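# Structural description and commentary
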Amino acid sequence: VQAVFLRTSFLSDSESMLRRALAGKDGARAHAILLLLVNLAALAPGARHVLERCADARSHQPALTGGGSFLDLVLDVMGLFPGATSNAGLFLLRNLAFVPESKPHFLANRRALDTLTSVMEETAISKATALASSALWALLYCGAKVKSTLRASNIPKRMRAIEKTVLGELDMHVGIHEGDGEYRMLKETARNLAIVNELMARVELPTGAQ
């Protein structure tokens, strides 16, 4: 099914519809389009196809004016529609991050990297935290430039603190809520942060670091 989409104008059509949804402040339509893009980017060929679109920057103007790259557009949609729509955008960023070719895109568009790290600055642990920490894990693996960029900020200290908070919340859930969605989300976030913090602490990243 994905191969069929890649041979059509699906991505350019999605961009046009997303721009209209943003201009019309239609959160429901924007959410639906982002979910389709999340599914498209779930496999590497689709993610690379989206990244190619992200590299096609039409102007340096904000997407709200009709310009900007496809990645700028996604970030603007996330900023305008918090909650489920923003989480769908985070899910898309997370799927893109798992493709090695994504690292230059996140470094070139600092807003994308800042969006992930800003989620880690939020007080509450949520699905957004799980998605953002997963994306950061993917970007840090064999990503020396991403690592040095993050090390220049306060984010490593914040992520260590979040990991302690998540582990504390997990302890309170043991034997009571182990089967519920919140427990699974906390467990996934704890795993992600443990790996992120381990990668951040390494002097050398695995061979092939970029």
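See above for the structure.
In this report, we go over the structure that sits alongside the text. (Residues numbered from 1 in each chain as written. Predicted model: local features only at pLDDT ≥ 70, side-chain atom pairs only at ≥ 80, totals over all residues. Heavy atoms only, no water.)

Membership of the largest hydrophobic core comes to 62 residues, with the highest contact counts inside it found for Leu-37 and Leu-116. Ranked by the residues each element gives to this core, the list is headed by helix H9 (residues 127-140), at nine residues. Sequence-distant contacts of Leu-37, defined by excluding residues within four places in its chain, comprise Phe-10, Leu-11, Ser-14, Phe-70 and Leu-92. (Core = buried A, V, L, I, M, F, W, Y, C linked by side-chain atoms within 4.5 Å. Buried < 20%, exposed > 50% of the residue type's maximum accessible area, 1.4 Å probe, protein only. Helix = DSSP H or I, 4+ residues; strand = E, 2+ residues; numbered from the N terminus. Contact = heavy atoms within 4.5 Å.)

Moving on, we come to the pattern of salt bridges. Pairs can form between side chains of opposite charge whenever their charged atoms are close. The tally for this structure, following the rule as stated, stands at seven salt bridges. Ionic pairing is found between Asp-72 and Arg-111, a salt bridge with its closest N-O pair at 3.4 Å. Of this pair, Asp-72 sits in helix H5 (residues 70-80) while Arg-111 sits in helix H8 (residues 110-120), and the two are 39 residues apart along the sequence. Residue classification places Arg-111 among the partly exposed positions, given a relative accessible area of 36%. Where Asp-76 meets Arg-111, a salt bridge forms, and the shortest distance between an N and an O atom there is 2.8 Å. Placement of the pair is Asp-76 in helix H5 and Arg-111 in helix H8, with a sequence separation of 35 residues. Put simply, Glu-15, Arg-19 and Arg-53 are held in one network by salt bridges that share partners. (Salt bridge = Lys/Arg side-chain N within 4 Å of Asp/Glu carboxyl O.)

Attention now moves to helix H2 (residues 10-23). A rise of 1.5 Å per residue sets the reference length of H2, with its 14 residues, at 20 Å; its end C-alpha atoms lie 20 Å apart and thus fit the reference within 8%. Inspection of H2 places Phe-10, Leu-11, Ser-14, Glu-15, Leu-18, Arg-19, Ala-21 and Leu-22 among the buried residues, and these make up the whole buried set. The arc that holds the buried residues of H2, viewed along the axis, is 170°, so those residues lie on one side. Set apart from the buried face of H2 by more than 90 degrees, the exposed residues are Arg-20 and Ala-23. (Expected span 1.5 Å × (residues − 1). Arc of directions from axis to C-beta.)

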